[in-house]
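Architecture at a glance
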Amino acid sequence: MELRWRGKPGTFAGMALFEIKTEIPFVAAEAADNTLLEHALENWSVLEDVIVKRAWLVGIFADEPESAKAWATLTPLLMGAGVELVGEPARRSMGDADWRDSYKAHFHAWQFGRLHWVPVWERETFRLPAGDAVLWLDPGMAFGTGNHETTRLCVERLVALAAESRRDGVDVATKRVIDAGCGSGILALSAALLGYRDVAGFDNDLEAVRVSEENAALNGLVRKVTFRLGDLETGFAEGPGDVVFANILANVLIQYAPELTAAVAPGGTLILSGILAVEVAQVQAAFAAVAPEWRQESRVLGEWSDVLLVRP
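Residues numbered from 1 in each chain as written. Predicted model: local features only at pLDDT ≥ 70, side-chain atom pairs only at ≥ 80, totals over all residues. Heavy atoms only, no water.

For the rest of this paragraph, the subject is the environment of asparagine 204. Relative to the assigned elements, asparagine 204 resides in the loop between strand E10 (198-203) and helix H6 (206-218). Under the relative-accessibility criterion, asparagine 204 is labelled exposed at 52%. When the C-alpha atoms of asparagine 204 and cysteine 182 are compared, they prove to be 9.0 Å apart, with 22 residues separating the residues in sequence. (Helix = DSSP H or I, 4+ residues; strand = E, 2+ residues; numbered from the N terminus. Buried < 20%, exposed > 50% of the residue type's maximum accessible area, 1.4 Å probe, protein only.)

Turning our eyes to something else, we now look at the environment of arginine 114. Within the secondary structure layout, arginine 114 lies in the loop between strand E6 (110-112) and strand E7 (115-119). Look at arginine 114 and you get partly exposed, because its relative accessible area is 33%. Setting aside residues up to four positions removed in sequence, arginine 114 forms contacts with Gly131, Asp132, Ala133, Leu193 and Leu194. Looking at arginine 114, its side chain comes within polar contact range of the main-chain oxygen of glycine 131, at 3.3 Å. (Contact = heavy atoms within 4.5 Å. Polar contact = N/O pair within 3.5 Å; in protein donor to acceptor, adjacent residues only side chain to side chain.)

Spatially, E6-E7-E8 is the arrangement adopted by the 3 strands of the open sheet, whose pairing is mixed. The two strands at the open ends of the sheet, each matched to only one other strand, are E6 and strand E8 (133-137). Shown here is a sheet whose adjacent strand axes are inclined to one another by a mean of 20°, direction ignored. One ladder, built from 5 bridges, connects E7 with E8; its direction is parallel. Residue valine 118 lies in a different strand from E8, and its bridge partner there is tryptophan 136. (Pairing = 2+ DSSP bridges. Axes fitted to C-alpha atoms, helices over the stretch in contact; angles between N-to-C directions.)

For the rest of this paragraph, the subject is the environment of phenylalanine 202. Take phenylalanine 202: it is sitting in strand E10. We classify phenylalanine 202 as buried; its relative accessible area is 3%. Sequence spacing of phenylalanine 202 and arginine 228 is 26 residues, and the spatial spacing of their C-alpha atoms is 4.9 Å. Excluding its chain neighbours within four sequence positions, the residues that come into contact with phenylalanine 202 are Ile178, Asp179, Ala180, Gly181, Cys182, Arg228, Gly230, Asp231, Leu232, Gly235 and Phe236.

What follows is the structure, given as structure tokens:
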């Protein structure tokens, strides 16, 4: 099963919660996913079981009245997108512990190149191949296990960039990495494992910063990576980076194209993700208008795309 979180469930830490879950046609999962994204509907997610070809919409809220209000907002948008509901939605109260454990079923170990990203609860059973490196992760309530296509696109770019630097005789330890919208810290921490020594991440969600710091501690990287609260206007106050990540949303990337390009040092690389494949042309055009001399390239993974830009 693949779970795609669109909201910020970290808001609910320490609270009793209320869940709404309704089945939708499997073929409508992408349309539902796009609806959540386009309307910035927080606290909703799409859950797909690709084996039995079933899909559900799941919403997590602070209480029942809030869930009812959110449901009333969502249903006409789903109808407008052609997403039908399969039966009546199920509603239930759930404890915070239930919610905190629910993501564990959807986070699995994976690798790219010599790097492995493994849930911390598999620490005693995982066997690391000789010469490889591992990042232990407990994503907690923050988005970013690396299982999602948007994160994978970024991580693969990072691994390839580090390998290219080594081939060119460039010491990555001299390069600065900034992870804008760090989520659970996976990109920043992966950069540290690859040998980057000046690594920082920021997020406008305090829970994401906390989880990132916990993941740094899990991996003995507390002194090698710094995380702090910040947004795309304040997060780059300490200067530009040689590698800058922004795995956010297409509309936000477009809005902050001037700030993001200004945050890249001469000769540096900007890696954008969180972009639906149908939106990538808009993102590329927006950044070409701001930085016309920068080289661009893009890849597609599933329904998602990235954009890599290199500053002259």
